[in-house]
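# Residue-level structure breakdown
Chain residues, written in single-letter form:
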Amino acid sequence: MNTVFIGGSRHISRLPAQAKERLNNIIENGHEVVVGDANGADKAVQKHFLDAAYEKVTVFCCGDKPRNNLGEWRTQNITPPKHVKGFQFYAAKDREMAREADFGFMIWDGKSPGTVLNVLRLIRAGKKAVLLNVPEESPVTFKTREQWSEFLARCSADLRENLRDRATPDEWEADEPSAQADLLETSRGVQNVKTSPATQPPSAADLAANVNAALASGDPSSFIDALGHLARAKKGGMTQIAKETGLARESLYRALGKDGNPELVTILKVISALGLTLEAKMQVKAGASISL
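Residues numbered from 1 in each chain as written. Predicted model: local features only at pLDDT ≥ 70, side-chain atom pairs only at ≥ 80, totals over all residues. Heavy atoms only, no water.

With that settled, consider the overall build of the chain. Within the chain, the regular secondary structure consists of 12 helices and 7 strands. Taken across its 292 residues, the chain has 45% of its residues classed as buried. Looking at the chain alone, contacts between residues at least 24 apart form 57% of all its contacts between residues at least 6 apart. Per element, the accessible surface of the chain, about 16,100 Å² overall, is 48% carbon and sulfur. (Helix = DSSP H or I, 4+ residues; strand = E, 2+ residues; numbered from the N terminus. Buried < 20%, exposed > 50% of the residue type's maximum accessible area, 1.4 Å probe, protein only. Contact = heavy atoms within 4.5 Å. Areas by Shrake-Rupley, 256 points an atom, 1.4 Å probe, with all protein chains shown as cover.)

Here the focus is the pairing of strand S2 (residues 32-35). Summarising the sheet, strand S1 (residues 3-8) and S2 pair through 4 bridges and their orientation is parallel. Bridge assignment links phenylalanine 5 to a residue of S2, and that residue is valine 34. Crossover handedness for the path S1 to helix H1 (residues 17-28) to S2: right-handed. When S2 meets strand S3 (residues 57-62), the two strands line up parallel, connected through 3 bridges. Bridge pairing in S3 links valine 34 to threonine 58. Read as a crossover between parallel neighbours, the route from S2 over helix H2 (residues 41-51) to S3 is right-handed. (Pairing = 2+ DSSP bridges. Right-handed = clockwise from strand over helix to strand, strands pointing away.)

Another point: the packing of aromatic side chains. What the rule picks out here adds up to 5 aromatic pairs. Seen from their ring centres, phenylalanine 142 and phenylalanine 151 are 5.3 Å apart, and the 90° between their planes marks the pair as edge-to-face. Phenylalanine 151 shares its class with phenylalanine 142; the two are buried. One aromatic cluster is present, built from ring pairs that chain together Trp108, Phe142, Trp148 and Phe151. (Phe/Tyr/Trp six-rings, centres within 6.5 Å; stacked < 30°, edge-to-face > 60°.)

Before going further, it helps to spend a moment on the sheet that holds strand S7 (residues 138-142). Ordered by their spatial adjacency, 7 strands build an open sheet running S4-S3-S2-S1-S5-S6-S7, and the pairing between neighbours is mixed. Either end of the sheet is taken by a strand with one partner, and the two such strands are strand S4 (74-78) and S7. Averaged over all pairs of adjacent strands, the angle between their axes in this sheet comes to 20°, without regard to strand direction. Both S1 and strand S5 (residues 103-108) contribute to a ladder of 5 bridges, which runs parallel. Within S5, the residue paired with valine 4 across the bridge is phenylalanine 103. Contacts from H1 reach S1, S2, S5, strand S6 (128-133) and S7, with the element oriented near 160° to S5. Here H2 sits on the sheet in contact with S1, S2, S3 and S5, set at roughly 130° to S1. (Axes fitted to C-alpha atoms, helices over the stretch in contact; angles between N-to-C directions.)

Turning to the state of the cysteines, a few remarks are in order. Applying the stated rule across the entire model yields 0 disulfides. Looking at the unpaired cysteine 62, the closest cysteine sulfur is the one in cysteine 61, lying at 7.0 Å. For cysteine 62, a relative accessible area of 8% translates into the label buried. (Disulfide = S-S within 2.5 Å.)

With that out of the way, let us pick up the side chain of serine 9. You can see serine 9 is positioned in the loop between S1 and H1. Among the polar contacts listed, one links the side chain of serine 9 to the backbone nitrogen of aspartate 109, at a separation of 3.1 Å. When neighbours within four sequence positions are excluded, serine 9 is seen to be in contact with Gly40, Ala41, Ile107, Trp108, Asp109, Ser112 and Thr115. (Polar contact = N/O pair within 3.5 Å; in protein donor to acceptor, adjacent residues only side chain to side chain.)

Dropping the structure here:
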């Protein structure tokens, strides 16, 4: 008998047939279940086990009592670290469920970083996880870190950024392919950009060279994109940039993301936080002369 950590996205209120089939397999095998107390997938999973009169369920929650415990099952109250709020407050119970479980089943809306982050926690602990992508009706099985890296490389830059920002240093490792993927993505639109070998992560000098090349190209969107990649590669990522500039992290993500259009003051603050300097030089065309 194993313990299964079941989680999912808050935007999923109805379980697809594939999810119900896997839950029924869990019931037939008599596995212990640990599940959260949130609305959405957690509540829908609880409803499925309630309808099946399944008793081997433990509901994990943060605080004094669960928000949802439809079957009045045993509860496990987790005390988050002091002064922690928002996502990190509720992430405390997810970390405990990942530690207690033997494997995990995550029901994903294709967007939620929290659901994918639970897969990472399980993989880091050497445990198997299945991620059911509901919109695509496709399950992904993770048994090794290599499979996680392959999946992460296919994710959007925004999802990778959100994962890295929400994960703890222990959960997120420096050898993930996100920085390299960001570098390659930036270099597609800029000629003569210096890149590192595929087996090595890009250095700060490489990323700074991307910013220079994008600036020299005269394309504002390429420059903002390259600046955003360098900001995310900085130790501490956007969170650290936000602290140093006094700007909101969410607004930085928007300003330095795809289709971003930051104000000049924002650009200057980010450049300063990155330790860069912006220098203007007079351009002299061949055959022309200039006197000052």
